[in-house]
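Now for the letters of each chain:
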Amino acid sequence: KKNFMTKHKFVNSLNKSDWSKYIYNHPNGNIFQSPEMYDIYNKTKNYKAYLFAIIDFEDNILGLMVSVIQKEHSGILGILSARAVVDGGPIIKNNDPNVTSQLLTEYQKFIKGKAIYSLFRNFWNWGLNGEVFLKYGFSYEQQLDILIDLKQDKSELFSKISKNKRRNVTKSSNKGTIIKDITSIEELEKSFQIIKETYQRVKVPMPSTDLFKIAFETLYPKGMIKIFGAYFENLIIGVRIELVYKENIFDWYAGSDAKHNNKYANDAILLNILQWGNENNFGIFDFGGAGKPDKPYGVRDHKLKFGGDLVEFGRYKKIHNGFLMNVAEVLYFIYKKI
């Protein structure tokens, strides 16, 4: 390690243009490791993003990762809910395990005392490089995802959607539901209550609505976000926020108005997204989390009805403070009960 670091250096900031190019040109590069998302998180309440990078002495980037410390609340409750999340990272040149190792060394020095635990959500199979995480005390957890190939012929894409879902989309249209883009902050704000109520129904904490506003302001001018709204009599009854990067569409946040369940807004929006992605030459629709393989999960069952491949890239987790972790789990249990 010493020999490695005599030829390279660790930094916490980078030229944004160089960073952007590195992520865009890397095969594993994704929007969550981009400078845009780093800026969004740093402008959002109860979020704080940090950059960790290794460069050589000619300032070439060899590896980097964005870690976000997320809190559900401020003050003492913030300390009890502070977790560090790395989505789709680190991004390592040639998957060099020496770079991964050095990044994790520097990261662990930094994160101690700042977060109860760290969670690395994988977007690909790490293979042998995954052993570096295990060496640093991370445990591997199975976690499923669903990827839909948007490059296939449209008729083939739609044939993989269940008959029931296709019927729902027809019913939705017949009842007067219209799907259209949300292109202004004002329209987006009208959907916040729907997203909030949806997250309350599934008993999962929702981030500050600042996150959506700031993401829209930052990403919309660059074509890196697309928001689909379902409207019934000019009222928003469903919404899905998609992050768009390279050939990928990432399903980020969604909500639907339970009072209008008979309009099947969710199903109609999803079919619209797949059609848009297919017609605009995108490669993959990433449906996001699909739970653990050994546990029943209704969300996974719903998503699989739209076709797609079930993949298991898993995640790496490390607890930094066992006592606070136990307290936090008890509080989360109480939160869900309430």
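Everything numeric in this text was worked out from a predicted model, so none of it was measured. (Residues numbered from 1 in each chain as written. Predicted model: local features only at pLDDT ≥ 70, side-chain atom pairs only at ≥ 80, totals over all residues. Heavy atoms only, no water.)

Student: Can you help me understand the overall build of the protein chain in this one?
Tutor: Across its full length, the protein chain carries 14 helices and 15 strands. Expected size for 338 residues packed as a compact globule is a radius of gyration near 20 Å; at 21 Å, the protein chain falls within 12% of this value. Once the C-alpha set of the protein chain is aligned to its principal axes, its extents read approximately 70 × 45 × 40 Å. Buried residues in the protein chain amount to 52% of all 338 residues. (Helix = DSSP H or I, 4+ residues; strand = E, 2+ residues; numbered from the N terminus. Rg over C-alpha atoms; globule rule 2.2 N^0.38 Å. Buried < 20%, exposed > 50% of the residue type's maximum accessible area, 1.4 Å probe, protein only.)

Student: Explanation requested: the packing of helix H8 (residues 163–174) against helix H12 (residues 265–279) in the structure shown.
Tutor: For any two helices packed against each other, one specifies the inter-axial angle together with the distance between the axes. Look at H8 against H12: their axes get within 8 Å of each other, and the N-to-C directions meet at 105 degrees. Regarding the angle of H8 to H12, the classification is roughly perpendicular. Each of Lys-165, Asn-168, Val-169 and Ser-172 in H8 lies in contact with H12, whose residues at this interface are Asp-267, Ala-268 and Leu-271. Taken together, the residues that form the contact of H8 with H12 break down as 3 nonpolar, 2 polar and 2 charged. (Axes fitted to C-alpha atoms, helices over the stretch in contact; angles between N-to-C directions. Parallel < 35°, antiparallel > 145°, perpendicular 65-115°, else oblique. Contact = heavy atoms within 4.5 Å. Nonpolar A, V, L, I, M, F, W, Y, C, P; charged D, E, K, R; others polar.)

Student: Looking at this structure, I do not really get the environment of Ile-195. What am I missing?
Tutor: Tracing the chain through its elements places Ile-195 in helix H10 (residues 192–201). A sequence separation of 26 residues divides Ile-195 from Val-169, and the C-alpha atoms of the two residues are 21 Å apart. Ignoring sequence-local partners within four residues, the contact set of Ile-195 consists of Met-206, Phe-212, Val-239, Ile-241, Ala-254 and Gly-255.

Student: Got a minute to help me understand unusual backbone geometry in this structure?
Tutor: In most cases, non-glycine residues show a negative phi, while peptide bonds are predominantly trans. With an omega of 0 degrees, the peptide bond between Gly-89 and Pro-90 qualifies as cis. When you line up the elements, Pro-90 lands in the loop between strand S4 (83–87) and strand S5 (91–92). The phi torsion at Glu-233 lies on the positive side, around 50 degrees, for a residue other than glycine. Tracing the backbone through its elements, the reader meets Glu-233 in the loop between strand S10 (225–232) and strand S11 (235–245).

Student: Please explain the environment of Ile-40 as it appears in this structure.
Tutor: Within the fold, Ile-40 resides in helix H3 (residues 35–42). Ile-40 sits 170 residues away from Asp-210 along the chain, and the two C-alpha atoms are 9.4 Å apart. Beyond its immediate chain neighbours, meaning those up to four positions away, Ile-40 contacts Leu-211, Ile-214, Ala-215, Thr-218 and Leu-219.

Student: Explain helix H11 (residues 210–219) here, please?
Tutor: Three- or four-residue spacings in an α-helix give side chains the same orientation, since the helix completes a turn every 3.6 residues. Along H11, 7 of the 10 residues are buried, which leaves the element largely enclosed by surrounding structure. Within H11, burial applies to Leu-211, Phe-212, Ile-214, Ala-215, Phe-216, Thr-218 and Leu-219.

Student: What's the story with the packing of H3 against H11 in this structure? I'm lost.
Tutor: The N-to-C vectors of H3 and H11 enclose an angle of 145 degrees; their axes lie 9 Å apart at closest approach. The interaxial crossing formed by H3 with H11 has right-handed handedness. Contact residues: H3 offers Glu-36, Met-37, Ile-40 and Tyr-41, while H11 offers Leu-211, Ile-214, Ala-215, Thr-218 and Leu-219. (Left-handed = near helix turned anticlockwise from the far one by under 90°.)

Student: Would you take a moment to explain the side chain of Ser-67 for this structure?
Tutor: Within the fold, Ser-67 resides in strand S3 (residues 61–70). Those residues in contact with Ser-67 that lie beyond four places of it in its chain are Lys-48, Ala-49, Tyr-50, Phe-52, Ala-84, Val-85, Val-86 and Tyr-107.

Student: Looking at this structure, I do not really get helix H5 (residues 97–111). What am I missing?
Tutor: In a regular helix each residue adds 1.5 Å, so 15 residues correspond to 21 Å; H5 covers 21 Å between its end C-alpha atoms and thus fits that length. Taking burial as the measure, the 15 residues of H5 include 11 buried ones, the bulk of the element. Every buried residue of H5 is accounted for by Val-99, Thr-100, Ser-101, Gln-102, Leu-103, Leu-104, Thr-105, Glu-106, Tyr-107, Gln-108 and Ile-111. Where H5 begins, the capping side chain belongs to Asp-96, and its oxygen is found 2.8 Å from the backbone nitrogen of Asn-98. Phi turns positive one or two residues past the end of H5, at Gly-113, with a value near 85 degrees. (Expected span 1.5 Å × (residues − 1). Polar contact = N/O pair within 3.5 Å; in protein donor to acceptor, adjacent residues only side chain to side chain.)

Student: Looking at this structure, I do not really get the pattern of salt bridges. What am I missing?
Tutor: Here the idea is simple: oppositely charged side chains can pair when their charged atoms come close. Tallied over the entire structure, the rule returns 15 salt bridges. Lys-16 is the salt-bridge partner of Asp-39, the closest N and O atoms lying 3.1 Å from each other. Of this pair, Asp-39 sits in helix H3 while Lys-16 sits in helix H2 (residues 16–25), and the two are 23 residues apart along the sequence. By relative accessible area, Asp-39 is classed as partly exposed at 24%. Relative accessible area serves as the criterion here: at 38%, Lys-16 is assigned to the partly exposed category. Across the salt bridge formed by Lys-109 and Glu-106, the nearest N and O atoms sit 3.5 Å from each other. Of this pair, Lys-109 and Glu-106 both sit in helix H5, separated by 3 residues, roughly a single helical turn. (Salt bridge = Lys/Arg side-chain N within 4 Å of Asp/Glu carboxyl O.)

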